[in-house]
Amino acid sequence: MKKLENKVAIVTGGNSGIGYAAAADLVANGAKVIVTGRNKEALAKAEAELKVTGIASDQSDLKSIDGLVAEVKDKFGKIDILFLNAGIASFAPLESASEGHYDSIMDVNVKGVYFTLQKLLPILNDGGSVIFNTSINANVGMENSGVYAASKAALLSLNRVFATELAPRNIRINAISPGPIETPIFGKLGLEKAEIEGFGAALSDKILLKRFGKASEIAKTVTFLASDDASFITGTEIVVDGGLTVNTVV
């Protein structure tokens, strides 16, 4: 019997990247998987390729979250696993960051995650597993990442609080903090190609395993935390960064 047989899982933002890889691994381990996202074409592609159920949902819109909950309840009744993966990343220095920059990130990465979990709680089975996708950016002090880093640090705080609040229901809450995965996040900083390549080479030297991670490696960590293999783990953060944050000596 597969380790997640008869389990129902939701992966937010599951139509690409880490979410897509996590959905694939959960399916491979026997779970029935629902993936969410805003891009209907990408959702349809994920449905066909992964044999999952795709539901269009905008995490920054509470009414859209209500619609997601109603559809999942109607089609599946209850869920056992929730991977809160959906999020956005954009970067700006403190001196020029706009209110729109701040609000767009916080609405999706914090407010959206908070209320997605809150609204799904009534259909989350006791003994379930919730997993936040956070980031090492919450702790490393990367320039121009202030709002994004703060949004991920907020999730790490919620991780600990909710682990305490939901312990009476035996619901485990954990966080995964990836380092650079496949395409490093600094690729979104608006740098020239040569600058990105130079920064990438410098960053690779800091990673103890001398490479960027793969989305499939994060996915396997998700499956571990979702399964009974992690039955005595809650309120913790697993850093998956190839040793980047260990290697602090410049």
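Above this text you will find the structure in question.
This is a predicted model, so every value here is computed, not measured.

Undergrad: Where do I start with the environment of Leu 121 in this structure?
TA: Along the polypeptide, Leu 121 turns up in the loop between α4 (99-120) and β5 (124-133). Here the alpha-carbon distance between Leu 121 and Lys 210, two residues 89 residues apart in the chain, equals 40 Å. Not counting residues within four places of it along the chain, the set of residues in contact with Leu 121 comprises Leu 166 and Arg 169.

Undergrad: Even after reading the chapter, I still don't get the nonpolar core, so can you show me in this structure?
TA: As a rule of thumb, nonpolar side chains are buried together in soluble globular proteins. By size, the foremost hydrophobic cluster in this structure holds 29 residues, and its most contacted members are Val 72, Ile 79, Leu 82, Leu 117, Val 130, Phe 132 and Ile 173. Elements supplying a minimum of two residues to this core: β1 (8-11), α3 (62-76), β4 (79-84), α4, β5, α6 (146-166) and β6 (172-178). It is α6 that contributes the most residues to this core, six residues altogether. Setting aside anything within four residues of it in sequence, one finds Ile 173 in contact with Val 130, Phe 132, Asn 159, Phe 162, Ala 163, Leu 166, Thr 234, Gly 235 and Thr 236.

Undergrad: Teacher, can you tell me more about the packing of aromatic side chains here?
TA: We describe a pair of aromatic rings using the distance from one ring centre to the other and the angle between the two ring planes. Scanning the model with the defined rule gives three aromatic pairs in all. A ring pair is formed by Tyr 114 and Phe 115, whose centres lie 5.1 Å apart and whose planes are at 65°; its orientation type is edge-to-face. Here Tyr 114 falls in the partly exposed class, since its relative accessible area comes to 35%. Classification of Phe 115 as partly exposed rests on a relative accessible area of 24%. Cluster of aromatic residues (ring-pair linked, three or more members): Tyr 114, Phe 115 and Phe 162.

How each quantity is defined
Residues numbered from 1 in each chain as written. Predicted model: local features only at pLDDT ≥ 70, side-chain atom pairs only at ≥ 80, totals over all residues. Heavy atoms only, no water. Helix = DSSP H or I, 4+ residues; strand = E, 2+ residues; numbered from the N terminus. Contact = heavy atoms within 4.5 Å. Core = buried A, V, L, I, M, F, W, Y, C linked by side-chain atoms within 4.5 Å. Buried < 20%, exposed > 50% of the residue type's maximum accessible area, 1.4 Å probe, protein only. Phe/Tyr/Trp six-rings, centres within 6.5 Å; stacked < 30°, edge-to-face > 60°.

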